[in-house]
Amino acid sequence: MSVTLSDARVVTPDGVHDGWLTIEDGRITHIGRGQAPRDGLGLGGRTVVPGFVDIHTHGGAGGSFPDGDPETAAAAAALHLSRGSTTLMASLVTAAPDTLARAASALADLCEQGLLAGIHFEGPYIARSRCGAHEPTLLREPDVAEFRALVKAGRGHVRMLTIAPELPNALDVIRDAAAEGVAAALGHSDATYEQTIEGIDAGATVATHLYNAMPPLGHRAPGPIAALLQDERVTVELINDGVHVHPAMLRLAMHAAGAGRTALVTDAMAATGMGDGRYPLGPMTVDVVDGVARLASDAPGGGPIAGSTLTMDVAFRRTVREAGRSPVDAALMASLTPARVLGLDGEIGSITVGKYADLVVLDDDLRVGGVMKRGAWVRHP
């Protein structure tokens, strides 16, 4: 089956072009400029960007991936897909070993069905002092044997592990993750600059939601942020929701790391796509007020930030409108760079001949008008 999308502004890695593209058998076969050579679906000058790749998501549509419930997890994946995330990784939070193993096994089924692209263990090997919305009593020291058991439970679909490099045995687990093909992500950490470099040298390649749950930049004690931003081996996650990171610090990180090392993520939880209220996040309870998720607390203003209600289309739009980056850069950060983290950049992440036709059609306000996955419309423009 062949389809041509014409009269479009096509965002490719080398620029934005007025033109068209042809899709056959789920893949992009031609990208042209100017008038399409034959009749196709006219998009009226709307913008076509690659499908978004979200490598850090806890849920949505009322469903929470840490629960390991296939039905609600599928609903969460469907919500994010409708907002343009054609590739989605399910993130778990700190829990007991058997709970994590059960959730990983259940989510592996959805990976095998193509609804999810992988599983991310955010914890339990994180610093108590920076645990954020993780249950502190369930934190534990990194353990290679336990980690291998969790990887086994995920049946080849575990793609990432967030770990604090300063913890005992952390470097051994990071090395083991690298050997298993699992990206080690440094985060929820009180590491020094030097300890962070040790983690990177051991094989860590990602920074979990940069700035959040780690010491701030210091001019005498630079801490993990400086190490993660300056090291070319590291891709830094950024949550661009206007809550997690001040716009000035967002621009600083994007400038320092560049679009090729910056991955936009949502860190979305169950309330995404829903209204305010009380929701689960693993063993924790989260209150969402005015779209901001915080641990349930009687303290004024609530507890610590606990994930977000962000979707990738909003992160993309904010990156262009508020951060001042070009659509090309925003597409790199929302699609190709995170696809590289997953090792999938040969198949997805950019509008390139030969890759899957994972596409998002945006209107003049950069709002989603259509979503295509592997050549089939999920949301028709």
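Calculation rules
Residues numbered from 1 in each chain as written. Predicted model: local features only at pLDDT ≥ 70, side-chain atom pairs only at ≥ 80, totals over all residues. Heavy atoms only, no water. UniProt positions renumbered as here; feature names shortened; annotations may be inferred. Buried < 20%, exposed > 50% of the residue type's maximum accessible area, 1.4 Å probe, protein only. Helix = DSSP H or I, 4+ residues; strand = E, 2+ residues; numbered from the N terminus. Pairing = 2+ DSSP bridges. Right-handed = clockwise from strand over helix to strand, strands pointing away. Core = buried A, V, L, I, M, F, W, Y, C linked by side-chain atoms within 4.5 Å. Contact = heavy atoms within 4.5 Å. Phe/Tyr/Trp six-rings, centres within 6.5 Å; stacked < 30°, edge-to-face > 60°. Lys NZ or Arg CZ within 6 Å of the ring centre and 35° of its normal. Axes fitted to C-alpha atoms, helices over the stretch in contact; angles between N-to-C directions.

The protein appears in an unreviewed UniProt entry as N-acetylglucosamine-6-phosphate deacetylase from Microbispora bryophytorum subsp. camponoti. UniProt lists a comment for the protein under the heading Sequence similarities (unreviewed entry), and it reads "Belongs to the metallo-dependent hydrolases superfamily. NagA family."

Side note on the pairing of strand β12 (residues 183-186)
Side chains of β12 alternate between two faces, with A183 and A185 and A184 and L186 buried alike. Sheet topology places strand β11 (residues 158-163) next to β12; four bridges connect them, and they run parallel. Across the sheet, residue I163 finds its bridge partner in β12, namely L186. Relative to strand β13 (residues 206-207), β12 runs parallel, the two being bridged by two bridges. Across the sheet, the residue bridging to L186 is A207, located in β13. Regarding topology, helix α5 (residues 193-202) serves as the crossover connection from β12 to the parallel β13, and that connection is right-handed.

A closer look at the nonpolar core
In this structure, I55, F65, L107, L116, L210, L228 and F316 are the most contacted members of the largest nonpolar core, which totals 91 residues. Of all the elements, helix α9 (residues 327-342) adds the most residues to this core, at 10 residues. When residues no more than four places from it in sequence are discounted, the contact partners of L228 are L186, T196, I200, A207, L210, M214, V234, V236 and R261.

Considering the environment of H380
Here H380 is to be found in the segment after β21 (376-379). With 10 residues separating them in the primary sequence, H380 and G370 have C-alpha atoms 4.9 Å apart. Residues within four places of H380 in sequence aside, it is in contact with L41, G369 and G370.

Points about the sheet that holds β13
What the eight strands build is an open sheet, ordered β6-β9-β10-β11-β12-β13-β14-β15; its pairing is parallel. With partners counted over all chains shown, the strands left at the sheet margins are β6 (52-57) and β15 (262-265), one partner each. Of the pairings in the sheet, the one linking strand β14 (residues 235-239) to β15 comprises four bridges and is parallel in character. Bridging from a neighbouring strand, V236 pairs with T262 of β15.

Looking at the side chain of T337
Residue placement: T337 occurs in helix α9. Discounting residues that sit within four places of it in the chain, T337 has contacts with T235, A259, G260, R261, T262, A263 and L332.

A look at the packing of aromatic side chains
Counted by the stated rule, this structure contains one aromatic pair. For the pair F52 and F316, a centre-to-centre distance of 5.6 Å together with 35 degrees between the ring planes defines the contact as tilted. One end of the pair, F52, is in strand β6; the other, F316, is in helix α8 (residues 312-321), and 264 residues separate them in sequence. For the pair formed by F52 and F316, the shared burial category is buried. R27 extends its terminal NZ or CZ atom over the ring of Y356, reaching a point 3.9 Å from the ring centre. A cation over a ring is seen here: R374 above Y356, with NZ or CZ 3.8 Å from the ring centre.

A closer look at the sheet that holds strand β17 (residues 284-289)
In space, the three strands of this open sheet follow the order β16-β17-β18, with antiparallel pairing throughout. With partners counted over all chains shown, the strands left at the sheet margins are β16 (277-281) and β18 (292-295), one partner each. Along the sheet, successive strands turn relative to each other by an average axial angle of 35 degrees, direction set aside. Relative to β18, β17 runs antiparallel, the two being bridged by four bridges. Bridge pairing links D287 to R294 in β18.

Side note on the environment of M1
Considering the arrangement of structural elements, one finds M1 in the segment before β1 (2-12). Distance from M1 to G375, taken between C-alpha atoms, is 9.1 Å for residues 374 residues apart in sequence. Not counting the four nearest positions on each side in its chain, M1 is found in contact with I23, E24 and D25.

Regarding unusual backbone geometry
Across the junction of G123 and P124, the peptide omega takes the value 20 degrees, indicating a cis bond. Mapped onto the fold, P124 is located in the loop between β10 (118-122) and α3 (144-153). Located in the positive-phi region is A213, a residue other than glycine, with phi close to 60 degrees. With respect to the helices and strands, the residue A213 is situated in the loop between β13 and α6 (223-230). A positive phi angle is found at D267, which is not glycine, with a value near 55 degrees. The residue D267 is located in the loop between β15 and β16 in this model.

As for the side chain of H134
You can see H134 is positioned in the loop between β10 and α3. Among all residues touching H134, those that are not within four sequence positions of it are V93, T94, E122, I126, L139, H188 and M284.

A short note on the pairing of strand β19 (residues 359-362)
What you see with β19 is no split at all: L359 and V361 on one side and V360 and L362 on the other are buried throughout. The pairing of strand β5 (residues 47-50) with β19 spans four bridges and is antiparallel. Its bridge partner lying in β19, V49 is registered against V360. One ladder, built from four bridges, connects β19 with strand β20 (residues 368-373); its direction is antiparallel. In the sheet register, V360 faces β20, and the bridge partner there is V371. Taking the residues between adjacent antiparallel strands as the criterion, β19 and β20 are bridged by five residues, where L366 takes a positive phi near 60 degrees.

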